[in-house]
Amino acid sequence: MSDSSPTPPFKPSIAAGAAKRANASVIGMFLAIFSTIAIVLTVVWLNPQQKAETYRSNIDVSAVANHATDTAGFTPVAPELPDGWYANYARWNPAGADGVAFWDVGYVTSSNTFIALRQSITANPTWIADQSQHAAVTGSRTVDGHDWELRDKPKGDRSLVLVDGKDTIVLTGAADFADFDFLAKAATDSLNTAHAPATSSPAAAPAPKDASIPTTKGNNS
């Protein structure tokens, strides 16, 4: 038997320069990560998330409606609403594939719920179904003498639909009936105002002609 000892395992060695470069790469990676985190935190801190109760759009619905009148061919409704309500958008939508152009306003109620108001003079059953999210007709609701069709479905938004002559108005949202009734009345009040005949000022009475003063010629005697 030989007394030769087993060969010791080979231990790889890393040159000092390579080890230094590896350590520098690791340190650089951590520095890059920390820099990225710092940038993200700074952006978040400088741009806090807006809360619904602290941010409101300043939309002048009447002004937008007036601008849309010529294009629409009718006067879009612009309901007058109390403090606590506000519109977060108002726009005119040109006709799409369905051929229906419509006035579209989004209202946030005083209870912080939402109702969309859409009005058209070219509405058809398909468009009405789309705007009411294909909810089934579940009844009707009379608001200020106007009969609105009620469309509702479980766990979804409800809609009120009014057909008044050539005008169709659809209200859709998750608000309660009190808010729907409030907006429905305001919308029909605006609609009645738009349909009211223009009152002409009374014709001014013709100015009296100056009366001529007769003159008499004296007789010479």
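Here, every reference points to the structure presented above.
First, a word on what this report is: a plain description of the structure on this page.

1. A few points about the overall build of the protein chain
Line of reasoning, step 1. Scanning the protein chain from terminus to terminus reveals four helices and seven strands.
Line of reasoning, step 2. Reading the secondary structure of the protein chain in the N-to-C direction produces α-α-β-β-β-α-β-β-β-β-α.
Line of reasoning, step 3. Looking at the protein chain as a whole, 30% of its 221 residues qualify as buried.
Line of reasoning, step 4. Taking the contacts inside the protein chain whose residues are at least 6 apart along the sequence as the reference set, 49% of them involve residues at least 24 apart.
Line of reasoning, step 5. Accessible area of the protein chain: about 15,400 Å², with a carbon and sulfur share of 57%.

2. Side note on the environment of T188
Line of reasoning, step 1. Looking at the secondary structure, you find T188 in helix α4 (residues 177-195).
Line of reasoning, step 2. Setting aside residues up to four positions removed in sequence, T188 forms contacts with H146, W148 and L162.

3. Comments concerning the pairing of strand β3 (residues 114-120)
If a strand is regular, its side chains alternate between the two faces of the sheet.
Line of reasoning, step 1. Of all the seven residues making up β3, six are buried; the element is thus mostly covered by neighbouring parts of the structure.
Line of reasoning, step 2. Note that strand β2 (residues 102-108) and β3 share six bridges and pair antiparallel. Bridge pairing in β3 links Y107 to I115.
Line of reasoning, step 3. Following β2, the chain reverses through five residues before pairing antiparallel with β3; N112 in that reversal takes a positive phi of roughly 65°.
Line of reasoning, step 4. The pairing of β3 with strand β7 (residues 167-173) spans six bridges and is antiparallel. Directly across from R118, in β7, lies its bridge partner V170.

4. Concerning the layout of surface pockets
Line of reasoning, step 1. Space inside the largest pocket adds up to approximately 190 Å³.
Line of reasoning, step 2. Broken down by secondary-structure element, the contributors of at least two residues to the lining of the largest pocket are α2 (61-72) and β1 (86-93).
Line of reasoning, step 3. Classifying every residue of the lining of the largest pocket by side-chain character gives nine nonpolar, three polar and one charged.

5. Observations concerning the pattern of salt bridges
Line of reasoning, step 1. Under the definition given, this model contains six salt bridges.
Line of reasoning, step 2. Residue D104 is joined to R91 by a salt bridge in which the shortest nitrogen-to-oxygen separation is 3.3 Å. Of this pair, D104 sits in strand β2 while R91 sits in strand β1, and the two are 13 residues apart along the sequence.
Line of reasoning, step 3. Given a relative accessible area of 2%, D104 falls into the buried group.

6. Quick look at the sheet that holds β7
Line of reasoning, step 1. Here seven strands make up an open sheet; going across it, the order is β1-β2-β3-β7-β6-β5-β4 and the pairing antiparallel. Every other strand in the sheet has two partners, leaving β1 and β4 (136-143) as the edge strands with one partner each. Ignoring which end each strand starts from, the neighbouring axes of this sheet average 20° apart.
Line of reasoning, step 2. Here α4 sits on the sheet in contact with β2, β3, β4, β5 (146-152), β6 (158-164) and β7, set at roughly 160° to β7.

7. Some words on the nonpolar core
Line of reasoning, step 1. Counting 26 residues, the largest nonpolar core has V61, W103, Y107, L117, W148, I169 and L171 as its most contacted members.
Line of reasoning, step 2. Every element with two or more residues in this core is listed here: α2, β1, β2, β3, β5, β6, β7 and α4.
Line of reasoning, step 3. With residues near it in sequence (within four places) discarded, Y107 still touches V61, P79, L81, W85, Y86, A87, N88, T113, F114, I115, L117 and L183.
Line of reasoning, step 4. Among the nonpolar cores identified, the runner-up in size contains six residues, and V100, F102, I128 and V170 belong to it.

8. A look at the pairing of β7
Line of reasoning, step 1. Burial analysis of β7 places seven of its seven residues in the buried class, which makes it a mostly covered element.
Line of reasoning, step 2. In β7, alternate side chains face the same way, and those of D167, I169, L171 and G173 on one face and T168, V170 and T172 on the other are all buried.
Line of reasoning, step 3. Alignment of β6 against β7, held across seven bridges, turns out to be antiparallel. Counted as the bridge partner of V161 is V170 from β7.

About the cut-offs
Residues numbered from 1 in each chain as written. Predicted model: local features only at pLDDT ≥ 70, side-chain atom pairs only at ≥ 80, totals over all residues. Heavy atoms only, no water. Helix = DSSP H or I, 4+ residues; strand = E, 2+ residues; numbered from the N terminus. Buried < 20%, exposed > 50% of the residue type's maximum accessible area, 1.4 Å probe, protein only. Contact = heavy atoms within 4.5 Å. Areas by Shrake-Rupley, 256 points an atom, 1.4 Å probe, with all protein chains shown as cover. Pairing = 2+ DSSP bridges. 1 Å grid on protein atoms, 1.4 Å probe; cavity = no way out; pocket = protein on both sides within 12 Å on 5 of 7 lines; lining within 4 Å. Points joined across faces, edges and corners; volume = space filled by probe spheres on them. Nonpolar A, V, L, I, M, F, W, Y, C, P; charged D, E, K, R; others polar. Salt bridge = Lys/Arg side-chain N within 4 Å of Asp/Glu carboxyl O. Axes fitted to C-alpha atoms, helices over the stretch in contact; angles between N-to-C directions. Core = buried A, V, L, I, M, F, W, Y, C linked by side-chain atoms within 4.5 Å.

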